[in-house]
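Observations on the model geometry
So you can see what is in the structure, the chains are spelled out below.
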Amino acid sequence: MPDIIILYMTSGILNIIMLLFLLQLVSKNIIMSEIETRSYIVTIILTIVVITAELAASIFDIQGNIFLIPNIIANIIGFAASAYIPFILATLYDKELIKKLKYILIPTVFVSLLFITSPWTGWMFSFTSDNEYSRGPFFNLYILVYLYGFLLLIHANHKLSLQFTGGDKVYLALLYVIFLIGTSIQIFFPRIHSTWHCITIILVMYYIFQRERQFKYDILTGLLNRAAFETQLNRISKKDYAVILVFDLNDFKEINDKYGHQVGDECIKIVGHIINSSFQQIGYCYRIGGDEFCVLGHNNDESIIEACIQSMMVLLEKNREILANLPHISYGYSLYKKAEGKDIILTFKEADHKMYAYKKQAKNIYE
């Protein structure tokens, strides 16, 4: 057996072993939703099937015409299954795609049927009687469908990245760059089997991302959590200047008591989204307690801060038209300047004190 085939088989088997370990981790995870877990498992299984089919085809290629039929079957399975992977992978990033999947997959199903019929038509690929493979006249349809899936994957990836901070956005973008590089190399240089190495890397990296997300993000709101807040608070203390804004929901306990925790959770999610979208040009929003939020940022221009506060109030009133019992927000902020020798914890306490003063004042207004 040629050394190149042995090398390819070794790397392929290592990928399969890694994917089997990942499959076990994913099937027992408590991080992802049931739908997301199912999509992940399907993607892993499809990837294992495709890698196995490609390994088999590589062996059958050098065995002469005695293995012609197994080689044809391996190619059908490999190509047909691989066409679905970018689409299923996209559902990991955008759960809404699952509802539209049966329509999105129509071109992929069509291409799969072309591969299945190719032993008779030669449209997608063909083999000589000596077991020599060649692409068919319509093979570019497979490339177009794969490109369609890749574009869908980019869109889903971008949609997911909007929920996260700068570093996480870069990490997610890197995943589809890896996907693009790996698939492009194999499409243009079929003898270089790079696609499934890259898919394996992406699946492992995305699982690592999900584990990291567990420690950085609040499950209910999707905002950064208390642990991330404390880490960032320490970091900004080393900056020359910063701003800390603290937010609290007025009479939130009464909403839970009167309408139930489900309504309370919905209020938390809406308010978190309002604060996050209103203060994007200031910094990042954190959920630091039950109904407490904080924004940490480097932009301490008070005119911009006040404009963001007004934007928050406008959005709050608009959302109150939809959810009438949405609570009012109390807020306070304080500016940090390292040159003044001010302590970052003291700055946070000042913002918190101003928030409670505002809350006391607001209570008299809204009662």
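Residues numbered from 1 in each chain as written. Predicted model: local features only at pLDDT ≥ 70, side-chain atom pairs only at ≥ 80, totals over all residues. Heavy atoms only, no water.

Counting its secondary structure elements, the protein contains 14 helices and six strands. For a compact globule of 367 residues, the expected C-alpha radius of gyration is about 21 Å, and the protein comes in at 27 Å, more than 25% above that figure. Projected onto its principal axes, the C-alpha positions of the protein cover 90 × 45 × 35 Å. Put simply, the protein has 367 residues, and 48% of those count as buried. (Helix = DSSP H or I, 4+ residues; strand = E, 2+ residues; numbered from the N terminus. Rg over C-alpha atoms; globule rule 2.2 N^0.38 Å. Buried < 20%, exposed > 50% of the residue type's maximum accessible area, 1.4 Å probe, protein only.)

What follows covers the sheet that holds strand β5 (residues 292–297). Here we have four strands laid out as an open sheet, ordered β4-β5-β3-β6, and antiparallel in their pairing. At either end of the open sheet lies a strand with only one pairing partner, and these are β4 (283–287) and β6 (329–337). Taking the axes of each pair of neighbouring strands and ignoring which way they run, one obtains an average angle of 15° across the sheet. Taken together, the nine bridges between strand β3 (residues 241–249) and β6 define a ladder with antiparallel strand orientation. Across the sheet, residue Asp248 finds its bridge partner in β6, namely Ser330. On the sheet, helix α10 (residues 226–236) packs against β3, β4, β5 and β6 and is oriented at approximately 30° with respect to β5. (Pairing = 2+ DSSP bridges. Axes fitted to C-alpha atoms, helices over the stretch in contact; angles between N-to-C directions. Contact = heavy atoms within 4.5 Å.)

On the surface, a nonpolar cluster with roughly 670 Å² of combined accessible area is contributed by Phe110, Trp123, Phe138, Leu141, Leu144, Leu147 and Leu151. Of the residues forming the nonpolar patch, the biggest block, four residues, is contributed by helix α7 (residues 139–161). The partly exposed category is assigned to Phe138, whose relative accessible area is 39%. (Patch = residues over 30% accessible without salt bridge, like charges linked within 9 Å, V, L, I, M, F, W, Y side chains within 5 Å. Areas by Shrake-Rupley, 256 points an atom, 1.4 Å probe, with all protein chains shown as cover. Salt bridge = Lys/Arg side-chain N within 4 Å of Asp/Glu carboxyl O.)

So, about the nonpolar core. The tendency in soluble globular proteins is for nonpolar side chains to be buried side by side. Grouped together as the largest cluster of nonpolar side chains are 78 residues, with contacts concentrated most on Tyr40, Ile44, Tyr93, Tyr142, Tyr206 and Ile244. With near-sequence residues (within four places) excluded, Ile44 lies in contact with Leu19, Leu22, Leu23, Val26 and Leu203. (Core = buried A, V, L, I, M, F, W, Y, C linked by side-chain atoms within 4.5 Å.)

This paragraph deals with empty space enclosed by the protein. In this structure the tally under the stated criterion is one cavity of 30 Å³ or more. Each pocket or cavity is described by its volume, and for the largest cavity that value is around 60 Å³. What lines the largest cavity is simply Tyr8, Gly12, Asn15, Ile51, Glu54, Leu55, His193, Trp196 and His197. Of all the secondary structure elements, the ones that give two or more residues to the lining of the largest cavity are α1 (3–27), α2 (34–61) and α9 (195–216). Along the lines of polarity and charge, the residues of the lining of the largest cavity split into four nonpolar, four polar and one charged. (1 Å grid on protein atoms, 1.4 Å probe; cavity = no way out; pocket = protein on both sides within 12 Å on 5 of 7 lines; lining within 4 Å. Points joined across faces, edges and corners; volume = space filled by probe spheres on them. Nonpolar A, V, L, I, M, F, W, Y, C, P; charged D, E, K, R; others polar.)

With that out of the way, let us pick up α1. The first and last C-alpha atoms of α1 sit 36 Å apart over 25 residues, in line with the 36 Å expected at 1.5 Å per residue. Those residues of α1 lying buried are Ile5, Tyr8, Gly12, Asn15, Ile16, Leu19, Leu22, Leu23 and Val26. (Expected span 1.5 Å × (residues − 1).)

What follows concerns the packing of helix α4 (residues 85–93) against α9. Look at α4 against α9: their axes get within 12 Å of each other, and the N-to-C directions meet at 15°. The pairing of α4 with α9 is recorded here as roughly parallel in orientation. Taken as a pair, α4 and α9 cross one another with a handedness that is left-handed. The residues of α9 that touch α4, namely those facing Ile85, Leu89, Leu92 and Tyr93, are Trp196, Ile199, Ile202, Leu203 and Tyr206. (Parallel < 35°, antiparallel > 145°, perpendicular 65-115°, else oblique. Left-handed = near helix turned anticlockwise from the far one by under 90°.)

Attention now goes to the side chain of Asn71. One can find Asn71 in helix α3 (residues 68–82). Excluding residues that lie within four positions of it along the chain, Asn71 makes contacts with Ala57, Phe60, Asp61, Phe127 and Asn131.

This part covers the packing of aromatic side chains. Applying the stated criterion to the full structure yields 25 aromatic pairs. Ring geometry for Tyr93 versus Tyr206: centroids 5.1 Å apart, planes at 80°, classification edge-to-face. Of the two residues, Tyr93 is situated in helix α4 and Tyr206 in helix α9; the sequence distance between them amounts to 113 residues. An aromatic cluster is present here, built from Phe79, Phe115, Phe125, Phe127, Tyr133, Phe139, Tyr142 and Tyr146 joined pairwise through their rings. One Lys or Arg, Lys354, reaches over the ring of Tyr333 and ends 5.9 Å from the middle of that ring. (Phe/Tyr/Trp six-rings, centres within 6.5 Å; stacked < 30°, edge-to-face > 60°. Lys NZ or Arg CZ within 6 Å of the ring centre and 35° of its normal.)

Time to look at unusual backbone geometry. One non-glycine residue with positive phi stands out, namely Asn131, at about 70°. With respect to the helices and strands, the residue Asn131 is situated in the loop between β1 (125–127) and β2 (133–135). Owing to a relative accessible area of 2%, Asn131 belongs among the buried residues under this scheme.

With respect to burial, β5 is a largely interior element, five of its six residues being buried. As defined by bridge partners, β3 adjoins β5 across six bridges and the pair is classed as antiparallel. Across the sheet, the residue bridging to Phe247 is Phe293, located in β5. In this structure, β4 lies alongside β5, joined through five bridges in antiparallel fashion. The residue of β5 that forms the bridge with Gly283 is Gly297. Between β4 and the antiparallel strand that follows it, β5, lie four residues.

This part is about the confidence of the model for the protein. Any residue range with low pLDDT should be treated as having predicted coordinates unsuitable for detailed reading. Across the protein, the average pLDDT comes to 87, with 98% of residues at or above 70. Confidence, read as mean pLDDT per element, is least for helix α8 (residues 166–188) in the protein (81) and greatest for helix α6 (residues 106–121) (95). (pLDDT = per-residue confidence, 0-100.)

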